Amino acid sequence: MKKLGIRKIFIAGLATDYCVLNSVKDALAEGYEVYVLTDAIRAVDVNPGDGEKALEEMIRAGAKTMTTEGIRQRK
C-alpha cells in the first residue's frame, strides 16, 4: 500500500475486540494514519465492555475515530 501512496486507512468490521483491534495496531505500527469507523464495527464482548476497552486502546495507540457519515462529509 505504501508503494501506491496510501497514507490513511479506514477500518471497519468484526470483531472490535479482536480483528479490528489487531488490524488497527498493525496499521499504526506500519506508520499509517488510522481511522476506526465507529458505526461500522461490532464487538464480540465475551466479557461485557471488551469492545469499549478495545476502542479505548486503539485511541490511546493513536487511532482516530469517525463514522461512515464523516467519510461522506469529507468528499
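Remember, predicted model here, so these are calculated numbers, not experimental data.

1. Focus on the packing of aromatic side chains
As enumerated under the stated definition, the model contains one aromatic pair in all. Note on Phe-10 and Tyr-35: the rings are 5.0 Å apart at their centroids and 15° apart in plane angle, and the pair reads as stacked. Here Tyr-35 lies in strand S2 (residues 33–42) and Phe-10 lies in strand S1 (residues 8–14), a separation of 25 residues in the sequence. Note on Phe-10: relative accessible area 35%, which makes it partly exposed.

2. What about the sheet that holds S2?
Consider a sheet: its strands pair through backbone hydrogen bonds, and that pairing is either parallel or antiparallel. If you trace the three strands from one edge of the open sheet to the other, you get S1-S2-S3, paired in parallel fashion. A strand with exactly one partner marks an edge of an open sheet, and here the two such strands are S1 and strand S3 (64–66). Strand-to-strand twist in this sheet, taken as the mean axis angle between neighbours without regard to direction, amounts to 35°. Bridge analysis of S2 against S3 gives three bridges, and the strand direction is parallel. For Val-36, the partnering residue across the bridge sits in S3 and is Thr-65. Taken strand by strand, helix H1 (residues 16–29) contacts S1 and S2, and its axis lies near 165° from that of S1.

3. Notes on the side chain of Asp-50
With respect to the element layout, Asp-50 can be found in helix H2 (residues 50–61). We note that Asp-50 is buried and unpaired, the nearest opposite charge coming from Lys-53 at a distance of 4.7 Å. In this structure Asp-50 touches Asp-17 and Asp-45, once residues within four positions along its chain are discounted.

4. Section: unusual backbone geometry
Along the chain, Leu-14 connects to Ala-15 via a cis peptide bond; the corresponding omega equals -10°. Positive phi outside glycine occurs at Asp-45, with the angle close to 55°. Its location among the elements puts Asp-45 in the loop between S2 and H2. Residue classification places Asp-45 among the partly exposed positions, given a relative accessible area of 34%.

5. Focus: the nonpolar core
Side chains of nonpolar character tend, in soluble globular proteins, to be buried together. In this structure, Ile-11, Val-20, Val-24, Val-34, Val-36, Met-58 and Ala-63 are the most contacted members of the largest nonpolar core, which totals 15 residues. Ranked by residues supplied to this core, first place goes to H1 with five residues. Beyond its immediate sequence surroundings of up to four residues, Ala-63 is in contact with Val-24, Leu-28, Val-34, Val-36 and Met-58.

What counts, and where the lines are drawn
- Residues numbered from 1 in each chain as written.
- Predicted model: local features only at pLDDT ≥ 70, side-chain atom pairs only at ≥ 80, totals over all residues.
- Heavy atoms only, no water.
- Phe/Tyr/Trp six-rings, centres within 6.5 Å; stacked < 30°, edge-to-face > 60°.
- Helix = DSSP H or I, 4+ residues; strand = E, 2+ residues; numbered from the N terminus.
- Buried < 20%, exposed > 50% of the residue type's maximum accessible area, 1.4 Å probe, protein only.
- Pairing = 2+ DSSP bridges.
- Axes fitted to C-alpha atoms, helices over the stretch in contact; angles between N-to-C directions.
- Contact = heavy atoms within 4.5 Å.
- Lys, Arg positive; Asp, Glu negative; His and termini not counted.
- Salt bridge = Lys/Arg side-chain N within 4 Å of Asp/Glu carboxyl O.
- Core = buried A, V, L, I, M, F, W, Y, C linked by side-chain atoms within 4.5 Å.

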